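Spelled out, the chains give:
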Amino acid sequence: MSEIIEYRKLFIGGRWVEPAGHDTIEVISPVTEQVVARVPHAAPADVDAAVAVAREAFDHGPWPRMPLAGRIAVVTRIKDAIAARHQELAELVTLQNGSPMLFSVRGQALSTVGAFAVALSVAETFQEEHERQGVGGPVLVRREPVGVVAAVTPWNVPAMTVAAKLAPALLAGCTVVLKPSPETPLDAYWLAERCAEAGLPEGVLSVLPAGRETGAHLVGHPDIDKVAFTGSVAAGKAIMTAAAANLTRISLELGGKSAAIILEGADLATAVKSIVAGTCGANSGQACVALTRVLVPASRYDEVAGALTAAFGALKVGDPSDPATVVGPLVTKAQQTRNLDYIRIGQEEGAKVLTGGGVPEGRKTGWFVEPTLFGEVTNDMRIAREEIFGPVVCLIRYESEDEAVALANDSEFGLSGAVFTADVEHGTAIARRVRTGTITVNGFRLDLAAPFGGYKNSGIGREFGPEGLAAYFEYKTVNLPAPTNA
Ligand code: NAD
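What you are looking at is a predicted structure, and each value in this text was computed from that prediction instead of being measured.

Visitor: Which parts of the structure should I look at to understand the site of the ligand?
Guide: As a matter of local geometry, the ligand sits amid 28 residues, with T153, K179, S232, L254 and E387 nearest to it. Here an oxygen atom of the ligand and a backbone polar atom of T153 are 2.8 Å apart. Between the ligand and R212 there is a distance of 3.1 Å, counted from an oxygen atom to a side-chain nitrogen or oxygen. Here the ligand, which alone exposes 840 Å², has 91% of that area covered by the protein. Those elements that provide at least two residues to the shell around the ligand are α7 (212-219), β11 (226-230) and α8 (233-244). Counted by class, the shell around the ligand contains 15 nonpolar, 9 polar and 4 charged residues.

Visitor: Sorry if this is basic, but what is going on with the domain arrangement of the protein chain here?
Guide: Interfaces are often described in size by the accessible area the parts lose on coming together. Partitioning the protein chain into domains gives domain 1 (5-254 + 459-476) and domain 2 (259-448). Each of domain 1 and domain 2 was reduced to a C-alpha centroid, and the two centroids are 30 Å apart. Of the residues lining the interface, 29 residues belong to domain 1; the matching set on domain 2 comes to 30 residues. A per-residue breakdown of the area domain 1 buries against domain 2 is headed by V31, P100 and W155, which together make up 25% of the total. At the boundary of domain 1 with domain 2, the tally comes to 0 salt bridges. Linking domain 1 to domain 2 there are 9 residue pairs in polar contact (both at pLDDT 80 or more).

Visitor: Help me out: how do you make sense of helix α1 (residues 44-60) in this one?
Guide: Each α-helix winds once per 3.6 residues, and so residues spaced three or four apart point in a common direction. Here α1 contains 17 residues, and its C-alpha end-to-end distance of 24 Å stays within 8% of the 24 Å for a straight helix at 1.5 Å per residue. For α1, the full list of buried residues reads D46, V47, A50, V51, A54, R55, A57 and F58. All buried residues of α1 project into a common sector of 165° when viewed along the axis, lining one side. Of the surrounding secondary structure, the elements contacted by the buried residues of α1 are β2 (10-12), β7 (138-145), β8 (148-152), β9 (175-179), β10 (205-207) and α7.

Visitor: Teacher, can you tell me more about the sheet that holds strand β5 (residues 35-40) here?
Guide: For sheets, the rule is that strands pair by backbone hydrogen bonds, running either parallel or antiparallel. The 3 strands lie next to each other as β1-β5-β4, forming an open sheet whose pairing is mixed. Edge positions in the sheet fall to β1 (5-6) and β4 (24-28), since each has one partner strand and no second. In terms of strand pairing, β1 meets β5 through 2 bridges, oriented parallel. Each bridged residue has a counterpart across the sheet, and for I5 the counterpart in β5 is A37.

Visitor: Help me understand the pairing of β4, please; the structure alone is not making it clear to me.
Guide: Walk down a regular strand and you will see the side chains alternate between the two sheet faces. Alternating positions in β4 separate cleanly, I25 and V27 being buried on one face and T24, E26 and I28 remaining unburied on the opposite face. With antiparallel pairing between neighbouring strands as the criterion, β4 and β5 make up a hairpin whose turn holds 6 residues, including E33 at a positive phi of roughly 65°.

Visitor: Please clarify how the pattern of salt bridges should be interpreted in this entry.
Guide: Proximity of charged atoms lets side chains of opposite charge pair with each other. Under the defined criterion, the tally for this structure stands at 23 salt bridges. Of the charged contacts in the structure, one is a salt bridge between R344 and E348, with a shortest N-O distance of 3.2 Å. Here R344 and its partner E348 are both found in helix α11 (residues 333-349), 4 residues apart, which amounts to about one turn of the helix. Beyond isolated ion pairs, a larger network of salt bridges with shared partners links E129, R142, E144 and K476.

Visitor: Can you help me understand the nonpolar core in this one?
Guide: Proteins that are soluble and globular tend to have nonpolar side chains buried together. L170 and L205 are the most contacted members of the largest nonpolar core, which totals 96 residues. The residues that make up this core include at least three from each of domain 1 (5-254 + 459-476) and domain 2 (259-448). The contacts of L205, once residues within four sequence positions are left out, are F11, I12, G13, G14, L166, V176, L178, A192, C195 and L200.

Visitor: Can you help me understand the pairing of strand β19 (residues 417-420) in this one?
Guide: Burial along β19 is two-sided: G417 and V419 facing one way and A418 and F420 facing the other are all buried. Sheet topology places β19 next to strand β20 (residues 440-441); 2 bridges connect them, and they run parallel. Opposite V419, over in β20, you have V441 as the bridge partner. Tracing the backbone out of β19, into helix α14 (residues 424-433) and back to the parallel element β20 gives a crossover that is right-handed.

Visitor: Just checking my understanding: could you explain the side chain of K179 for this structure?
Guide: Looking at where K179 falls in the secondary structure, it is placed in strand β9. Buried charge K179 goes without a salt bridge, the closest partner of opposite sign being E183 at 7.4 Å. Those residues in contact with K179, other than ones at most four positions away along the chain, are A151, V152, T153, L208, A210, G211, T214, G215 and L218.

Visitor: Is there a simple way to explain the environment of P19 in this structure?
Guide: By the secondary structure assignment, P19 is in the loop between β3 (15-17) and β4. Through-space distance from the C-alpha of P19 to that of R8 is 8.0 Å; in sequence the pair is 11 residues apart.

Visitor: How should I be thinking about the sheet that holds β7 in this particular structure?
Guide: Strand order across the open sheet formed by 3 strands is β6-β7-β23, with antiparallel pairing between neighbours. This sheet does not close on itself; its edge strands, each paired only once, are β6 (129-133) and β23 (473-479). Strand-to-strand twist in this sheet, taken as the mean axis angle between neighbours without regard to direction, amounts to 25°. Bridge count between β7 and β23: 7 bridges; the pairing is antiparallel. Residue pairing for β23: P145 is matched across the bridge by F473.

Visitor: I would appreciate a short explanation of the environment of G417 in the present structure.
Guide: Mapping G417 onto the fold places it in strand β19. Note on G417: relative accessible area 3%, which makes it buried. Between the C-alpha atom of G417 and that of L218, which follows or precedes it by 199 residues, the distance is 33 Å.

Rules used in this analysis
Residues numbered from 1 in each chain as written. Predicted model: local features only at pLDDT ≥ 70, side-chain atom pairs only at ≥ 80, totals over all residues. Heavy atoms only, no water. Near = heavy atom within 4 Å. Polar contact = N/O pair within 3.5 Å; in protein donor to acceptor, adjacent residues only side chain to side chain. Areas by Shrake-Rupley, 256 points an atom, 1.4 Å probe, with all protein chains shown as cover. Helix = DSSP H or I, 4+ residues; strand = E, 2+ residues; numbered from the N terminus. Nonpolar A, V, L, I, M, F, W, Y, C, P; charged D, E, K, R; others polar. Domains from an automatic or database assignment. Contact = heavy atoms within 4.5 Å. Buried area = accessible area lost by both parts, 1.4 Å probe. Salt bridge = Lys/Arg side-chain N within 4 Å of Asp/Glu carboxyl O. Expected span 1.5 Å × (residues − 1). Buried < 20%, exposed > 50% of the residue type's maximum accessible area, 1.4 Å probe, protein only. Arc of directions from axis to C-beta. Pairing = 2+ DSSP bridges. Core = buried A, V, L, I, M, F, W, Y, C linked by side-chain atoms within 4.5 Å. Right-handed = clockwise from strand over helix to strand, strands pointing away. Lys, Arg positive; Asp, Glu negative; His and termini not counted. Axes fitted to C-alpha atoms, helices over the stretch in contact; angles between N-to-C directions.

Below, the structure is given as structure tokens:
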């Protein structure tokens, strides 16, 4: 058995320091169920120390005060270091959460690089201030960094969701206290090491692996100016409530139950390929953007059900380090149980398992669930309404396009989606009618150069693209005296 990775210290403001307490986090492999790493569990006292250091660095340190070009230089070095060692990052993510390497290289590691690259390219043309004519005279409109940022992130795409916050926050001139999920602390430490090597000044970044109690202490801290959160709706609501006490700014990237609408004339092969990529093929279905409700015209139901059943049944399930594996284990025993519970609930509700429905044969160890396709689902069933977060997908029949749009919108979520059509213009018109933050015509895509985020319970705010950088600034208006006509 390979050696256990062990950290004994916390990364606070760029230094490795002794934790306040003695608790540790054990990272368990979802494949072998063995401990693969140990890190300290940060306590509220560590949060206080990290926030104090971040506050000092923001209020008095060089980072927010240096010209943007200086920050761009440091962040470029961070991005280049991650790019050069992205395979290592992919392996680290896979070790912790079981993400198949097939997905991990692109979806975990290269998308982390991409998040940095996009934020950098936006920053290069970013205007920190401009002058305009106001009603009462000239005004200088400035954009200043929002301040000390608490970043709280999930385990499913851990490094990428960190990069979505860290890259724009750093470029804006903010300082950051990051609390990664206890399931995936290693990639956050790895990123911290790359930041330190790149010359990030003291105080600018802290990494505190911990569970939700420490997280709650962080997001409720009065010296935090903004909370950037990715995770579940329940945690998002708790964070919004805590942030309200201090009027802390928030951005919330939450869950989804996205619809893939297959229209009458759509090409079946394109739809099937994209739906597989957007469900089981996306981190074994543990993706907020997963296309978990497939809406099919009644006239094509049998054809689509047959094609998707065959495609799901052919997916290679197994060891995530095997480059041919499409579906790996789920992250924890709890997630496996959750998925198996929903499969049982779906059957009790009257839906029909077309393929999958259990633990793959011969997989007694590891938290595997078979790619599972449910037919005869109606949109009022719990399996169609609640986020399952695994390789479990619902097929729902519709009679008219208006009904398809109504079904897509009949959800508490609004994060992602897809429309499959023979007529791109018509498909785009349907896409406009779906209340969701991102929707793709004839494919499955999350574009890092475009704003990404949720309608409804899928969140508040946007990451990526110019909008993702703008989220780390406050506007300031400086009213200038009118020029005197001497
Ligand atoms: P989770 O909400 O349980 O935990 C996410 C993070 O929040 C963890 O670091 C956790 O320790 C912390 N946390 C939980 N409660 C907290 C609280 N009250 N105060 C402060 N911190 C708290 O989510 P998870 O199980 O780690 O991740 C899965 C969820 O994340 C799914 O719902 C998924 O859809 C969502 N997600 C959304 C996106 C997106 O961009 N919209 C991306 C990835 C994952």
